[in-house]
Amino acid sequence: MLLRAVCLSSESTALQAPTCVHSIGAGLCQHCQTCELLPAQVLMAWEVLCFVEVALLCICVPPSAPQHFPVALANGAPAARPVAVSEGSVMMAGDAAEGHRVAVCCWSSSGEAESFKEQGNAYYAKKDYNEAYNYYTKAIDTCPNNASYYGNRAATLMMLGRFREALGDAQQSVRLDDSFVRGHLREGKCHLSLGNAMAASRCFQRVLELDHKNTQAQQELKNASTVLEYEKIAEADFEKRDFRKVVFCMDRALEFAPACHRFKILKAECLALLGRYPEAQSVASDILRMDSTNADALYVRGLCLYYEDCIEKAVQFFVQALRMAPDHEKACLACRNAKALKAKKEDGNKAFKEGNYKLAYELYTEALGIDPNNIKTNAKLYCNRGTVNSKLRKLEEAIDDCTNAVKLDETYIKAYLRRAQCYMDTEQYEDAVRDYEKVYQTEKTKEHKQLLKNAQMELKKSKRKDYYKILGVDKNASEDEIKKAYRKRALMHHPDRHSGASAEVQKEEEKKFKEVGEAFTILSDPKKKARYDSGQDLEEDGLNMGDFDANNIFKAFFGGPGGFSFEASGPGNFFFQFG
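Predicted model, so just to flag it, every value in this text is computed and none were measured.

Calculation rules
- Residues numbered from 1 in each chain as written.
- Predicted model: local features only at pLDDT ≥ 70, side-chain atom pairs only at ≥ 80, totals over all residues.
- Heavy atoms only, no water.
- UniProt positions renumbered as here; feature names shortened; annotations may be inferred.
- Helix = DSSP H or I, 4+ residues; strand = E, 2+ residues; numbered from the N terminus.
- Phe/Tyr/Trp six-rings, centres within 6.5 Å; stacked < 30°, edge-to-face > 60°.
- Buried < 20%, exposed > 50% of the residue type's maximum accessible area, 1.4 Å probe, protein only.
- Lys NZ or Arg CZ within 6 Å of the ring centre and 35° of its normal.
- Salt bridge = Lys/Arg side-chain N within 4 Å of Asp/Glu carboxyl O.
- Contact = heavy atoms within 4.5 Å.
- pLDDT = per-residue confidence, 0-100.

Visitor: Looking at this model, I keep getting lost on the UniProt feature "repeat: TPR" (unreviewed entry) in the protein chain. Mind explaining?
Guide: UniProt records the feature "repeat: TPR" (unreviewed entry) at residues 113–146, 295–328, 341–374, 379–412 and 413–446, using the numbering of this structure. A distance of 9 Å separates the end C-alpha atoms of residues 113–146, which is 79% helix and 0% strand. Between the end C-alpha atoms of residues 379–412 the distance is 8 Å, and the span holds 79% helix and 0% strand.

Visitor: Before we go on, may I ask you to explain the packing of aromatic side chains in this structure?
Guide: Any aromatic ring pair is given by two values, namely how distant the centres are and how the planes are angled relative to each other. Summed over all chains, the structure comprises 12 aromatic pairs. Measuring from ring centre to ring centre gives 5.2 Å for Tyr124 and Tyr129, while their planes differ by 70°; the resulting arrangement is edge-to-face. With relative accessibility at 28%, the residue Tyr124 sits in the partly exposed group. For Tyr129, a relative accessible area of 14% corresponds to the buried category. Between Tyr277 and Tyr307, the ring centres sit 6.3 Å apart and the planes meet at 45°, which makes this aromatic pair tilted. On the criterion of sequence distance, the pair formed by Tyr277 in helix H12 (residues 277–290) and Tyr307 in helix H13 (residues 295–307) is long-range, its members being 30 residues apart. Each member of the pair, Tyr277 as well as Tyr307, carries the same accessibility label: buried. Ring pairing ties together the aromatic residues Tyr277, Tyr299, Tyr306, Tyr307 and Phe318, which thus form one cluster. The cationic tip of Lys138 hangs over the ring face of Tyr135; the distance from NZ or CZ to the ring centre is 4.7 Å. Sitting above the plane of the Tyr133 ring, Arg162 keeps its charged end 5.0 Å from the centroid.

Visitor: Please clarify how the pattern of salt bridges should be interpreted in this entry.
Guide: Two side chains carrying opposite charge are able to pair once their charged atoms lie near each other. Enumeration according to the criterion identifies 25 salt bridges in this entry. Here Asp237 and Lys245 are joined by a salt bridge, their closest N and O atoms 4.0 Å apart. Assessed through its relative accessible area of 4%, Asp237 is described here as buried. Look at Lys245 and you get partly exposed, because its relative accessible area is 40%. Here Asp435 makes a salt bridge to Arg419, at a shortest N to O gap of 2.8 Å. Taken together, the residues span a long stretch of sequence, with Asp435 in helix H20 (residues 429–442) and Arg419 in helix H19 (residues 413–425) at a distance of 16 residues. Residue classification places Asp435 among the buried residues on the basis of a relative accessible area of 1%.

Visitor: Whenever I open this one, the side chain of Arg419 confuses me. Can you help?
Guide: Taking relative accessible area as the criterion, Arg419 reaches 8% and is therefore assigned buried. Those residues within four positions of Arg419 in sequence are excluded, and the remaining contacts are Ile399, Cys402, Thr403, Val406, Arg434 and Asp435.

Visitor: Before we go on, may I ask you to explain the confidence of the model for the protein chain in this structure?
Guide: As a note on interpretation, predicted positions should not be read in detail where pLDDT is low. On average, residues of the protein chain score 80 in pLDDT, and 75% of them reach the 70 mark or higher. In the predicted structure, residues 65–108 sits below a pLDDT of 50 and forms 122 contacts with residues beyond four places in sequence or in another chain. Every residue in residues 568–579 scores below 50 in pLDDT, and together they form 24 contacts with partners more than four places removed in sequence or on other chains.

Visitor: How should I be thinking about the environment of Tyr306 in this particular structure?
Guide: One can find Tyr306 in helix H13. Residues Tyr306 and Ala334, 28 residues apart in the sequence, show an inter-C-alpha distance of 8.4 Å. For Tyr306, the contacting residues outside a window of four places in its chain are Ile311, Ala314, Phe318, Asn337, Ala338, Leu341, Asp371, Asn374 and Thr377.

Structure representation (structure tokens):
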């Protein structure tokens, strides 16, 4: 810093070099004895000017001197450019010789700073923003009171996506010059990019106060209003649990506020609640790469793991989020729910393995009430409870539980398999085939193929006459049990027994009598029975049941013609008489 008092006599009209130099505060100029500078007042001027880091020259100037003129420094080096002369009455007090005026000459390194700025501008035009940033920084270091230098660096930082740093520079530029329109615009743009639409609106309004026709400020003010509206809608929709609409609003808002972590976090949280975990994790991870201590991002990362049933890892993220922000309510609640859910599920699994199905059912039911938003874990809990119900032979309840499981997670193979088995056990073969087809389309294993084949076979068999059911016997009935069943049913439905009934009843009983004969014909023959049990089409094997005569089977079974007769012992009463 050069600080000297310089007196130029009236003869020094060229003003090329000072005729005398002395330290400020020395009192009288040793050359002309005419310029008296009062130390206290000079000190005041020094305090003002050293803030802007300039070299100070106190000059006794003749009346004819212009307001701007070239001057040499005390060391003989020329100033970089013409400097302004400020009247002594403005900058400092002092007595000048008659016909002279006391002036303060401020020489700075602004020429060098301007050179740095121009180089920064050149790199900015080439889109080499890192080099532009470096030169604007040099300009600021050289002359830190120039608003435009901060404004230019703010613009560069914005292009580099460093909006928070750019905001600081833009704010400094308008502190130095409140009428700097571009500074206010850039501050507003930074606020908007960071998601602070209210602060951005204030900046754009200030621009319009300075320049009411500024079209950029008018448009940016509309953009800020749009962001505020999307925020308002998203807040209401989040309360309604309309997470898809919240994601839509945040996507629109982020078009104007690409650097807003708050909008990104809200979007990620809603994506997690919608089950779109990879997308949610990607958003949270991007934020954590920039700020590893962001409690909201840590919470969302944990939430994704929690909803993917990775509960232990989720708890670690929730705990880390709470370290960063001990009052984080959502992380606290999620951590508590995760621990409770893990404990209940494990207790239910333990009770099931021990065969205590009633207790297991109760524990799984309690676990299902902890967090309805945890889709994957709840799907597993429903399937587990369905397995318990199947063990308790509550098959319809088991089917309902498995149905709830696949509603929550359409890819949950285990739930489809459990429900399909319950359908098989309740002879709902079409539903069983549908579930096994779903499983086989997803996982084409030999085991799944065989299960599907079995279900299809049972479905085919179910559409034929059920000869076991017609005779009223079990599928594992012995030959004697089949004969006894035929005897009973044949006599029950024989047409002669119903000869006094209405035509409609006679027709129905004749049909049943024929079916009983069919059933006995098939089930009493080991080969035919085996083919029937395997699901083969009996007509393809040459058995035309349409030509079947039930009376012949009846006669053969009861000993032929004359072997028996129906006689009435009273109205509606018959007995058999065998010959």
